[in-house]
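Structural features, examined
In case you want the letters, here they are:
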Amino acid sequence: MNNSTKKKILLIDDDFEILTLLQRYLEELNHEAPLAISGRAGIWLAQMMHPDLVFLDTKMPGLDGFEVFKRLREDESLEHCQIVFLITADEEKDMKKVLAAGGTGFLRKPFSRKDFIQTIDLHLEKSQNLGPLSARQFTEDYPGKQPPP
Amino acid sequence: MIQTGTSNLGNFGGILDYSSALERTGGDESFLKELLDIYREDFVLKYEQLKKSLEQKHFEAIQRLAHGLKGSSANLALTSLQETLFQLEIAGIEKDIDKARSVFSLLEIEFQRLQDLLAEEVLNREKTADEKGVTAACPELPKTEAFDIEESIQDLIPEYLENRRKDLEKMAKALKESDLAAIELIAHRIKGSGECYGFKMISELGQEIERSAQEQNPGNINSLLKEFESYLEAIRL
């Protein structure tokens, strides 16, 4: 699916290289891409801008991704916001933690441009359906993986 | 015969521009090999002199020795050594001891890469090299043609690589200070971003450095940092 409407997609990661890269890809797709280099800055920007979708790194100094996620979910004005965690390939264990926390989904680093765009399309489409990822959605999105208990 | 011409295979990761070197010896491979042997002997001698000059902060000698070796490197199309020696010569002119030390450590790595290349007896390989491919003869060298860089981000690559060089310096400093937590954090980021930019090897090295930091293994980190440095130095886009 191609989401031709301009969306606000907030990127929260302590790695400036990842932010720069994702912003470039999002600008190509004509989306607005505010950047936050820390969890605290990410919360502030989310509350200011009410993004449609957030990409949130799990491992950051200071407030980590899970703490940021918790605070974003406590804010009712951000209820509509889809939150996708950025995890590294060897952090499979975090999958359950993400889903248990009510995350919308995740994207494994390192990823390709194609992976990233597919994830955007998938989650912007879902943004009509509020709420955490269900076991059914999980199975559809990540075939071959077992949903959390 | 080793493949040369416009192919990356004739460049040996920036160490030796084989076709240019061969051109300078009139196509005589055995003469080129002889000249390379003489160069190696001369290099080892001058390397020791350079080391002493650095210890004594004798900038004039650093400049003179680097200039001489730069010339002989250029004659044999030893591209990366020529560039490194040029930087060392500049450091001598500028009387910048920190820069001179830093470039000198690179020089050792560059020379080792040349030694490794020659030890592989790449230059002695005849027809079989064509069959196997030169990259198979020196698998440790990065293959520029293997990079998978998105067209839309190509302008970001020089800065990305420059930042990884800075990461390398930060990690080397952290290693000296036994700050393995800092190394782990930097390596974790490198692991996450390298392949996204088209450099799979950078992600892999980041992962190995991160793991070594977690395992509190400074010796391994030191080796991996040298490998990372060689890799970054060898990338020719």
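Residues numbered from 1 in each chain as written. Chains lettered and ligands numbered in written order. Predicted model: local features only at pLDDT ≥ 70, side-chain atom pairs only at ≥ 80, totals over all residues. Heavy atoms only, no water.

Okay, the interface of chain B and chain A next. With 20 residues of chain B in contact, the opposing surface of chain A contributes 18 residues. The junction of chain B with chain A conceals about 1700 Å² of combined surface from both sides, 54% of it contributed by carbon and sulfur atoms. Sorting the residues of chain B by area buried against chain A places His188, Arg189 and Cys196 of chain B first, and these three jointly supply 30% of that buried surface. Linking chain B with chain A are five salt bridges. In this structure, the salt-bridge partner of arginine 189 of chain B is aspartate 14 of chain A, at a minimum N-O distance of 2.6 Å. The tally of links between chain B and chain A comes to seven residue pairs in polar contact (both at pLDDT 80 or more). Listing elements by their share of the side of chain B that touches chain A, those giving two or more residues are helix 8 (157-176), helix 9 (180-193) and helix 10 (200-214) of chain B. The dominant element in the side of chain B that touches chain A, judged by the number of residues it contributes, is helix 9 of chain B, at seven residues. Residues belonging to the side of chain B that touches chain A are distributed by class as follows: six nonpolar, six polar and eight charged. (Contact = heavy atoms within 4.5 Å. Buried area = accessible area lost by both parts, 1.4 Å probe. Salt bridge = Lys/Arg side-chain N within 4 Å of Asp/Glu carboxyl O. Polar contact = N/O pair within 3.5 Å; in protein donor to acceptor, adjacent residues only side chain to side chain. Helix = DSSP H or I, 4+ residues; strand = E, 2+ residues; numbered from the N terminus. Nonpolar A, V, L, I, M, F, W, Y, C, P; charged D, E, K, R; others polar.)

Next up on the list: helix 9 of chain B. Across its 14 residues, helix 9 of chain B extends 20 Å between first and last C-alpha, which sits within 8% of the 20 Å expected from 1.5 Å per residue. For helix 9 of chain B, the set of buried residues is Leu180, Ile183, Ile186, Ala187, His188, Ile190, Lys191, Gly192 and Ser193 of chain B. Where helix 9 of chain B is buried, its residues contact helix 1 (16-28), strand 4 (82-88) and strand 5 (105-109) of chain A together with helix 8, helix 10 and helix 11 (218-234) of chain B. (Expected span 1.5 Å × (residues − 1). Buried < 20%, exposed > 50% of the residue type's maximum accessible area, 1.4 Å probe, protein only.)

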